[in-house]
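Here's the letter readout for the chains.
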Amino acid sequence: MALVILGSLGGGAFIVVGLSSWLGKVWANRILEADRRRYNEQLERIRGDLEKTTHVYRVQFETEFKTLSEIWKTVAAVRSTMGRVRPIARIANPGEDEASRLREDFKDFSAAFNELVKAVDYSSPFYPETILDELHNAIQIARREKMDVQLTGPKDTGWYEAGERNYRDIVASAECVSKLIRARLESLRVS
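Residues numbered from 1 in each chain as written. Predicted model: local features only at pLDDT ≥ 70, side-chain atom pairs only at ≥ 80, totals over all residues. Heavy atoms only, no water.

## Thoughts on the overall build of the protein chain
Helix and strand content of the protein chain: 4 helices and 0 strands. Compactness check: the protein chain gives a C-alpha radius of gyration of 38 Å against a globular reference of 16 Å for 191 residues, more than 25% above the reference. Along the first, second and third principal axes, the C-alpha set of the protein chain runs to 135 × 25 × 20 Å. In the protein chain, buried positions account for 25% of the 191 residues. Within the protein chain, contacts between residues separated by at least 24 positions form 77% of all contacts whose residues are at least 6 apart in sequence. As displayed, the protein chain offers around 13,200 Å² of accessible surface, 61% of which is attributable to carbon and sulfur atoms. One way to put it: in the protein chain the 29 positive side-chain charges average out to a point 7 Å from where the 28 negative ones average out. (Helix = DSSP H or I, 4+ residues; strand = E, 2+ residues; numbered from the N terminus. Rg over C-alpha atoms; globule rule 2.2 N^0.38 Å. Buried < 20%, exposed > 50% of the residue type's maximum accessible area, 1.4 Å probe, protein only. Contact = heavy atoms within 4.5 Å. Areas by Shrake-Rupley, 256 points an atom, 1.4 Å probe, with all protein chains shown as cover. Lys, Arg positive; Asp, Glu negative; His and termini not counted. Charge placed at Lys NZ, Arg CZ, Asp CG, Glu CD.)

## Thoughts on the environment of D148
Within the secondary structure, D148 is located in helix α3 (residues 129-151). For the pair D148 and G163, spaced 15 residues apart in the sequence, the C-alpha separation amounts to 8.2 Å. Sequence-distant contacts of D148, defined by excluding residues within four places in its chain, comprise R86, W159, A162 and N166. A distance of 3.2 Å separates polar atoms of two side chains, one belonging to D148 and the other to N166. (Polar contact = N/O pair within 3.5 Å; in protein donor to acceptor, adjacent residues only side chain to side chain.)

## Focus on helix α2 (residues 98-123)
Under the 1.5 Å per step criterion, the end-to-end length of α2 is 37 Å for 26 residues, consistent within 8% with the ideal 38 Å. Of all the positions in α2, only L102, D105, F106, F109, S110, A112, F113, L116, V117, A119, V120 and S123 are classed as buried. (Expected span 1.5 Å × (residues − 1).)

## Quick look at the nonpolar core
In terms of nonpolar packing, the biggest core is built from 29 residues, with I71, V75, V78, F109, V120, Y127 and L135 touching the most fellow members. Contributions of two or more residues to this core are made by α1 (2-85), α2, α3 and α4 (159-188). Leaving out residues up to four positions away in the same chain, V78 has contacts with F109, A112, F113, L116, A142 and I170. (Core = buried A, V, L, I, M, F, W, Y, C linked by side-chain atoms within 4.5 Å.)

## Regarding the packing of aromatic side chains
Counted by the stated rule, this structure contains 4 aromatic pairs. With centroids separated by 6.2 Å and ring planes inclined at 50 degrees, the aromatic side chains of F106 and F109 adopt a geometry described as tilted. Here F106 pairs with F109, and both are found in helix α2, just 3 residues apart, close to one helical turn. Taking relative accessible area as the criterion, F106 reaches 15% and is therefore assigned buried. A residue is classified by how much of its surface remains accessible, and F109, at 0% relative accessible area, is buried. A centroid spacing of 4.9 Å and a plane angle of 85 degrees characterise the contact between W159 and Y160, whose relative ring orientation is edge-to-face. Aromatic ring contacts, followed pair by pair, group F106, F109 and F113 into a single cluster. When the ring centre of W27 is taken as origin, the NZ or CZ atom of R30, which lies over that ring, is 5.5 Å away. (Phe/Tyr/Trp six-rings, centres within 6.5 Å; stacked < 30°, edge-to-face > 60°. Lys NZ or Arg CZ within 6 Å of the ring centre and 35° of its normal.)

## Details of the confidence of the model for the protein chain
In this model, the protein chain carries a mean pLDDT of 87, and residues with pLDDT of at least 70 account for 91%. In the model of the protein chain, α1 stands out as the element of lowest mean pLDDT, 82, in contrast to α3, which has the highest, 96. (pLDDT = per-residue confidence, 0-100.)

In structure tokens:
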């Protein structure tokens, strides 16, 4: 009789253990599935945020790159045209009128200067202030050259030397702008 009772208890225990094991697996699978769903939802939300951030970053980079590229073109144009206005020496073509050559070179320089001022004014929110500050410095140098040429002439003492000083200053400022642009673009590079 004792064996029958122990057998029936053992059989019942076996059934209880079996049911407990099965029920544990069912609950574990449900918990795992709920966790999996929750983590997938979080992962999709993070992916979406990352895609938005990447898109915004790409648009910002492209806008800033295009803006800085356009500004650099205007800086380079001012630098090159300014160098032709008051050169220390010039090879003249036979029959060329020096005054008309100066007017033509000054006209080119003035047009380049006006484009630089416009480009800086129109796009200043799209690049760092350090670049903007140096661009303002370049504009002041070019403006000084423009005023000197408008108010004085080749017959004035020191006219060519003043032009040479202004040209050296614009070259130095342009080099500084170039370095700042390179540094900015390097800082935007994705590692």
